[in-house]
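A structural walkthrough
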Amino acid sequence: MLPQKPNLGLYIDDSNLYYRGKASGWMVDYKKLYQWVAKENNIVYAKYFMGMPGWEPARSINEAFAKYYKGVGYQIIQKPLKKIKDSQSKNGFRNKCNFDVEIHDEIMKDLVNIDMVYLVSGDSDFVRTKETILKTGKKIKFLAYENNCAWEIRNSWHVFLDEIRNEIERKVP
């Protein structure tokens, strides 16, 4: 049984969500998401994992987002994007940044101080993380775009971001 307003860790896997958001035709405003989560939870940890491009203007844009989200209340965790060969891509490579291990480790470190985890990712690699959390008696809820949610996550406690789109969508001025 969870407290009325549980202590919560909110973990954003931006690398998992960025391209799915573009493919969906809309992006999450993580300030609005933070506020949505905070309505019913006491956010103890809010960690935003993002890849950092090494080229301009993408680097400056990401730095501006990082500064903005830090002001919202997120701890920003970054690492450089890697270029991976991809014969399907028009320029022969794609950018990649995987934070699965780092996110898992941060959650496990933080778990002692929280009742529940909100993990914003549809990546099936987090099934082990889910199982470990549940073994401790804590709870986990996944939030993901419907078009990027693995079946293992669909079979877990989840919210499709699409269902709360009107509350969390980033509006372009």
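Right above here is the structure, for reference.
Conventions used here
- Residues numbered from 1 in each chain as written.
- Predicted model: local features only at pLDDT ≥ 70, side-chain atom pairs only at ≥ 80, totals over all residues.
- Heavy atoms only, no water.
- Phe/Tyr/Trp six-rings, centres within 6.5 Å; stacked < 30°, edge-to-face > 60°.
- Helix = DSSP H or I, 4+ residues; strand = E, 2+ residues; numbered from the N terminus.
- Buried < 20%, exposed > 50% of the residue type's maximum accessible area, 1.4 Å probe, protein only.
- Lys NZ or Arg CZ within 6 Å of the ring centre and 35° of its normal.
- Pairing = 2+ DSSP bridges.
- Right-handed = clockwise from strand over helix to strand, strands pointing away.
- Axes fitted to C-alpha atoms, helices over the stretch in contact; angles between N-to-C directions.
- Parallel < 35°, antiparallel > 145°, perpendicular 65-115°, else oblique.
- Contact = heavy atoms within 4.5 Å.
- Core = buried A, V, L, I, M, F, W, Y, C linked by side-chain atoms within 4.5 Å.

Scanning the model with the defined rule gives ten aromatic pairs in all. A centroid spacing of 5.8 Å and a plane angle of 65° characterise the contact between Y48 and Y74, whose relative ring orientation is edge-to-face. Placement of the pair is Y48 in strand β2 (residues 42-52) and Y74 in the loop between α3 (58-72) and β3 (75-80), with a sequence separation of 26 residues. Like Y74, Y48 is buried. Relative to Y74, the ring of Y69 lies with its centre 6.0 Å away and its plane at 85°, an arrangement referred to as edge-to-face. Connected via pairs of aromatic rings, a cluster forms that spans Y30, Y34, Y48, F65, Y68, Y69 and Y74. A cation over an aromatic ring shows up here: K79 above the ring of F99, its NZ or CZ 4.9 Å from the ring centre.

Bringing the pairing of β2 into the picture now. Within β2, nine of the eleven residues are buried, which leaves the element mostly enclosed by the surrounding structure. Judged from the seven bridges that link them, strand β1 (residues 7-13) and β2 form a sheet pairing that is parallel. Counterpart to N7 in the pairing with β2 is N42. For β2 and β3, the ladder comprises six bridges, and the chain directions are parallel. Looking at β3, one finds that G51 is bridged to K79. In this region the chain leaves β2, passes through α3 and returns to the parallel neighbour β3; the handedness of that crossover is right-handed.

The subject of this paragraph is the packing of helix α4 (residues 100-110) against helix α5 (residues 127-135). Between two packed helices, both the angle of their axes relative to each other and the distance between the axes serve to describe the pair. As a packed pair, α4 and α5 sit with axes 10 Å apart at the nearest point and diverge in direction by 10°. Classified by the angle between their axes, α4 and α5 sit roughly parallel to one another. Here α4 contributes H104, I107 and M108 to the contact with α5, which in turn contributes R128, T129, T132 and I133.

In terms of nonpolar packing, the biggest core is built from 28 residues, with L10, L33, Y74 and L161 touching the most fellow members. Breaking this core down by element, the ones donating at least two residues are β1, α2 (30-38), β2, α3 and β6 (116-120). No other element matches α2, which puts five residues into this core. I114, V117, F126 and A150 belong to the second largest nonpolar core, which has 22 residues in total.

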